[in-house]
Amino acid sequence: MLLRTLYLKNFRNFEDEIVNFNDSAIIIGPNDVGKSNLIYSMRLLLDKSLSQNDITPKESDFNIFSQSDVFTITIKFSNFDIIKDEKTIARFGKLRNANGELFIAYKGYRNNEEPYEIFMGDNQTIYDNPSCKIDGRVYLNCFNMVYLDSSRILNDYLKSAKNRMINRYKNKRSGQQIEDDKILMIKANENLANANSKLEKISYISESINFVSDKMHDFSYEKNDIVLSVKNDILDLERKVELVSIAQGKKLEIGGDGKSNEIYLIMWLEENIFNSLQGNIINIYAIEEPENHLYHPLQKMIGKNIKKYLDGYQLILSSHSPSIIECFNPASIIRLTNMNNYKTKIINSGCSDSLIESYYTFGFRHNIITDEMFFSNIVFLVEGVSEKLLYSAISKANGDILEKNNARIISVEGVGFLVYIKILKALSIDFIVRTDNDIVAVKYGKGRKKTKYSCSGLLRLIKIYKEFNLGTYDFNEELFSSLSEKHIPKELKKIFNEYLEELESVNLFLSGIDLEYDMFYSPLKDEIIKYYENDTSKSIIEKMREEKGNNMYNLMQNIDDSCLKKITAKIKLGKPLFRIINGGNDL
C-alpha cells in the first residue's frame, strides 16, 4: 500500500494544495517554505509516537491567509488490494473504493468543544460525512509513519540505541552461539578477576581505597565491615562497550557531529527495519535533512544507503543537499516555493513524470554545482565562468544580492541555455539569461563564396522566448538573419531596440557586443585601463578575451568594491543582476 496523495486545506502555510507521492520522494525548497510542516501534516494522522495531546490543534496550525476556523488534512492510499495481512483486510478492507484506494482525514477546529476529528472512508471529502468518523487513530497498528527529526540529539540516542542493538543481537543468538559465549564469558571473568587484583595494587588506587576506608570509620558510629575494592565483571564491561575509531592501531573516541550523525543514521535504520519485520505494520519512513554535519561525498553515500536499506518501504525525505538529490529519480522531486503573498505552492502538485524528460536531457550537465539550481528562487544563466566571476563580485560588493535573494549564477559553458531552462521551467524556477550579441558570418550561394551575417545572439534569445511561451510579441527573425554587413543597419535600429525591450521584459538580456566590451565601456573602465597599464582600448579588450577565466579572476582581485558598486540597474552591464532583487520583475 502506498501513500499516494496528500490534500491540505487551510493547514499552516498551505491554503489549498495537493501533493502527489511516489514510492520514494524528496522534498526540496528554501528555508521556512514549509518542508517540515508538510511532513508534520502526515504525522498528525500516521505517527504513533505523537500522543493524543500532541495532535490536538494549536493556533499555529491554522492558515493565517484564509482566517478559517477549520483545517483538513486528507491522505489517499493506493494499492490497498496488495495487502496480505488478514487482520488489516478484515478491519479496513470494506472502507476502500473500487480502485483499491483508502482515505484517512483529520479535521481540526479552532473553537470547538471537540478540537479535532478523524475520518476514514473511500473518497477525498470523507471529513464532511459524519458516518465516516472513527474513534481516534485506530489504524496505527496497521500502518504507521516512522519519523526522524533533523534536530537529532546524537549522543543520547547513540548510547541508548547501542544498548538496544546489543540486546537485539543477544536475543537472536542460536543455541550454539549461547554455549560458545558462556565459555568466553567464564574466561573473560577469570581474566577480569586477575586484572582487578592487580589494579588494587597500583599505588594511587591502593592509597585512594585506604583513604576512603579510613574516613568511613570517622563518619560512622557503627561498626563498619565495608571493604572497598575494584569491581569489574563481564556485565559491567558489556554496558561500557563504546563505539570508537581506530587509527594506527590505537582506539580513539569518536569526535564531531558528522561521524556521530553517520552512525546515528546507520543505527536508526537498523533498529527501525528490525522493528518493521516483527509485525505486519506497513511503515512509511520520513527523514528530515539526513545530510546534517556531513560533507558532500558522505552526503551522497548516506542518500544512497538510506534508499538501499529502505528498499521496499515508502520513503519521504526532505533535504537541502544537491548531493542527496542526485540519489533520487527526478519523478520523486517535490519542490515547494513561496508565492509573493508568502503562501506555499507545491510545484506540479508534487511527484510528476513531466520532470523526467527534461531532467534526462540535462544529462552530463547534472552535477553538484548545477543541482544547486533546484534549491534556488531564481537562476541567472550566463555563457561562461568569466561572467560568473564578474557578477558574483558585483553581487558581493552590493551587499550579497545573490545570497539574499536565494539566487544562483550558473555557467552553461557556451550557449546551450535551452536544456537548463527546460528543467527550470518544469520546476517553476524563475530564470534570467544573458548572452553575447554574436553576429556571425554565413557563407552561401554557388561555391559558398557569398557572405551574409546573422545576429545569432539576438536570434538565440528569440528562440528561448518562443519555445517557452514567454510572451506574445511577433518577432520577425528573418530581418536579422541575412544582414549584408556585420552590424545592425540604421534602418533596423528601431526594430532591434524594440526587440531588446521586449526580451528584457522577460529577463532575456543581450550584451552590447560581448562581456569584455560591455565591461570596458562601463564605470569599470578606468580601473581596467589601470590594471592593463594604459594600453589602447582595442588591445585591452583583446587581452581580456584571452584566457577569459584567468584574466577575469585576476582583474576582480584588483578592482575595489567601491568601483563595482558603480554597476547599477541603470547600467547595461548591471541590468540582469539587479533584476534578481525584484524576483525577476522589472525594477
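Overview of the structure. (Residues numbered from 1 in each chain as written. Predicted model: local features only at pLDDT ≥ 70, side-chain atom pairs only at ≥ 80, totals over all residues. Heavy atoms only, no water.)

1. Focus: the overall build of the protein
Formally: Segments assigned H or I by DSSP are reported as helices when at least four residues long, segments assigned E as strands when at least two residues long, and all are numbered from the N terminus. The buried label goes to any residue with under 20% of its type's maximum accessible area, the exposed label to any with over 50%, and the partly exposed label to all in between, with areas taken from a 1.4 Å probe on protein chains only. Contacts are residue-level and defined by heavy atoms, with any inter-residue pair within 4.5 Å sufficient.
The number of helices and strands found in the protein is 21 helices and 20 strands. Buried residues in the protein amount to 46% of all 587 residues. If you take every contact in the protein between residues at least 6 apart in sequence, the share linking residues at least 24 apart comes to 70%.

2. A few points about the pairing of strand β13 (residues 333-338)
Spelled out, the test is: At least two DSSP bridges between two strands are required for those strands to pair.
Here β13 lies mainly inside the structure; 5 of its 6 residues are buried. Here 3 bridges tie strand β3 (residues 24-28) to β13, and the two strands are oriented parallel to one another. What sits directly across from I28, in β13, is R335. As judged from the 3 bridges shared by β13 and strand β14 (residues 344-346), these two strands associate in the antiparallel manner. When the sheet's bridge partners are listed, L336 is paired in β14 with I346.

3. Notes on the nonpolar core
Our working rule: The term nonpolar core refers to a set of buried residues drawn from Ala, Val, Leu, Ile, Met, Phe, Trp, Tyr and Cys, joined through side-chain atoms within 4.5 Å.
In this structure, L381, V433, L458 and L508 are the most contacted members of the largest nonpolar core, which totals 64 residues. Of all the elements, helix α13 (residues 417-426) adds the most residues to this core, at 7 residues. Residues within four places of L508 in sequence aside, it is in contact with F431, V433, L461, I464, Y465, L470 and L503. One finds A25, I55, I104 and M120 within the second-largest nonpolar core, a separate group that totals 48 residues.

4. Structural notes on the sheet that holds strand β1 (residues 2-11)
Ordered in space as β2-β1-β4-β5-β6-β7, the 6 strands form an open sheet in which the pairing is antiparallel. The open sheet terminates on both sides in strands that have one partner only, identified here as β2 (14-20) and β7 (133-134). Bridge count between strand β6 (residues 116-121) and β7: 2 bridges; the pairing is antiparallel. What sits directly across from I118, in β7, is I134.

5. What to know about the sheet that holds strand β16 (residues 407-411)
We count it as follows: In this analysis, axes come from line fits to C-alpha atoms, helices being fitted only over the stretch in contact, and the angle between any two N-to-C directions falls in the range 0 to 180 degrees.
Read across the open sheet, the 4 strands follow the order β16-β15-β17-β20; overall the sheet is parallel. Only two strands of the sheet have a single neighbouring strand rather than two, namely β16 and β20 (508-510). Going from strand to strand, the sheet's axes swing by 15° on average, the running direction of each strand aside. Helix α11 (residues 385-397) rests against β15 (378-382), β16 and β17 (430-435) of the sheet, and its axis sits at about 155° to β16.

6. Looking at unusual backbone geometry
Although it is not a glycine, D32 adopts a positive phi angle of roughly 65°. For S428, which is not a glycine, the phi torsion comes out positive at approximately 55°. Looking at the element boundaries, S428 is found in the loop between α13 and β17.

7. Looking at the pairing of strand β8 (residues 143-148)
Among the 6 residues in β8, 6 count as buried, and that is most of the element. In β8, alternate side chains face the same way, and those of F143, M145 and Y147 on one face and N144, V146 and L148 on the other are all buried. Pairing of β8 with strand β11 (residues 282-288), which is carried by 6 bridges, proceeds in the parallel orientation. What sits directly across from N144, in β11, is N283.

8. Looking at helix α1 (residues 35-46)
Test applied: A helix is expected to span 1.5 Å multiplied by its residue count minus one.
A rise of 1.5 Å per residue sets the reference length of α1, with its 12 residues, at 16 Å; its end C-alpha atoms lie 17 Å apart and thus fit the reference within 8%. For α1, the complete set of buried residues consists of K35, N37, L38, I39, Y40, S41, M42, R43, L44, L45 and L46.

9. What to know about helix α19 (residues 548-558)
Keep this limit in mind: In this description, one arc is meant: the one made by directions from the helix axis to the C-beta atoms.
Taken together, the buried positions of α19 are occupied by N551, M552, L555 and M556. Projection of α19 onto a plane perpendicular to its axis shows the buried side chains occupying an angular sector of 130°, all on one side. Buried residues along α19 sit in contact with α11, α16 (515-520), α17 (525-531), α18 (537-545) and α20 (561-564).

10. Let's talk about the side chain of N97
Stated formally: Any pair of N or O atoms that falls within 3.5 Å is considered a polar contact. Within protein, one atom must be able to donate a hydrogen and the other to accept it, and sequence-neighbouring residues count only if both atoms are side-chain atoms.
Within the element layout of this structure, N97 appears in the loop between α2 (86-92) and β5 (102-109). Of the residues examined, N97 reaches a relative accessible area of 17% and is grouped as buried. A distance of 2.9 Å separates a polar atom in the side chain of N97 from the backbone nitrogen of N99. Each residue touching N97, except ones within four places of it in the same chain, is listed here: F103 and D122.

11. Side note on the packing of helix α14 (residues 456-467) against helix α15 (residues 493-505)
Cut-off, in case you're wondering: Roughly parallel covers angles under 35 degrees, roughly antiparallel covers those over 145, roughly perpendicular covers 65 to 115, and oblique covers all other angles. Left-handed describes a crossing in which the near helix is turned anticlockwise from the far one by less than a right angle; the clockwise case is right-handed. Under the convention adopted here, Pro, Cys and the residues Ala, Val, Leu, Ile, Met, Phe, Trp and Tyr are nonpolar, Asp, Glu, Lys and Arg are charged, and Gly plus all remaining residues are polar.
The N-to-C vectors of α14 and α15 enclose an angle of 45°; their axes lie 11 Å apart at closest approach. The orientation of α14 with respect to α15, classified from their angle, is oblique. Between α14 and α15 lies a crossing whose hand is left-handed. On α15, the residues touching L458, L461, I462 and Y465 of α14 are F496, Y499, L500, E502 and L503. When grouped by side-chain class, the residues that make up the contact of α14 with α15 number 8 nonpolar, no polar and 1 charged.

12. Considering the side chain of R137
We count it as follows: Two residue types count as positive, namely Lys and Arg, and two as negative, namely Asp and Glu; His and chain ends fall outside the count. The term salt bridge refers to a pairing of a side-chain nitrogen on Lys or Arg with a carboxyl oxygen on Asp or Glu at a separation within 4 Å.
Note that R137 resides in the loop between β7 and β8. Although buried, R137 forms no salt bridge, and the nearest oppositely charged side chain, D47, lies 6.2 Å from it. With residues up to four places along the chain from it excluded, the contact list for R137 reads R43, L44, L45, L46, D47, K48, L50, I55 and I118.

13. As for the environment of T472
By secondary structure assignment, the location of T472 is in the loop between α14 and α15. Under the relative-accessibility criterion, T472 is labelled exposed at 81%. Along the backbone, T472 and E502 are 30 residues apart, and their C-alpha atoms lie at a distance of 9.8 Å.

14. A look at the environment of S354
Following the sequence through the fold, S354 ends up in helix α10 (residues 354-362). Sequence separation between S354 and A426 is 72 residues; the distance between their C-alpha atoms is 7.3 Å.

15. Observations regarding the environment of G399
As for its position among the elements, G399 is in the loop between α11 and α12 (401-404). G399 sits 166 residues away from K565 along the chain, and the two C-alpha atoms are 9.6 Å apart.

16. Describing the pattern of salt bridges
As enumerated under the stated definition, the model contains 22 salt bridges in all. Between R43 and D47 there is a salt bridge whose closest N-O contact spans 2.8 Å. Exposure class is identical for R43 and D47. Each is buried. Its salt-bridge partner being E179, residue K182 comes within 3.8 Å of it at the nearest N-O pair. Of this pair, K182 and E179 are both found in helix α4 (residues 175-201), 3 residues apart, which corresponds to roughly one turn of the helix. Classification of E179 as partly exposed rests on a relative accessible area of 43%.

The values reported here are purely geometric and, on their own, carry no functional implication.
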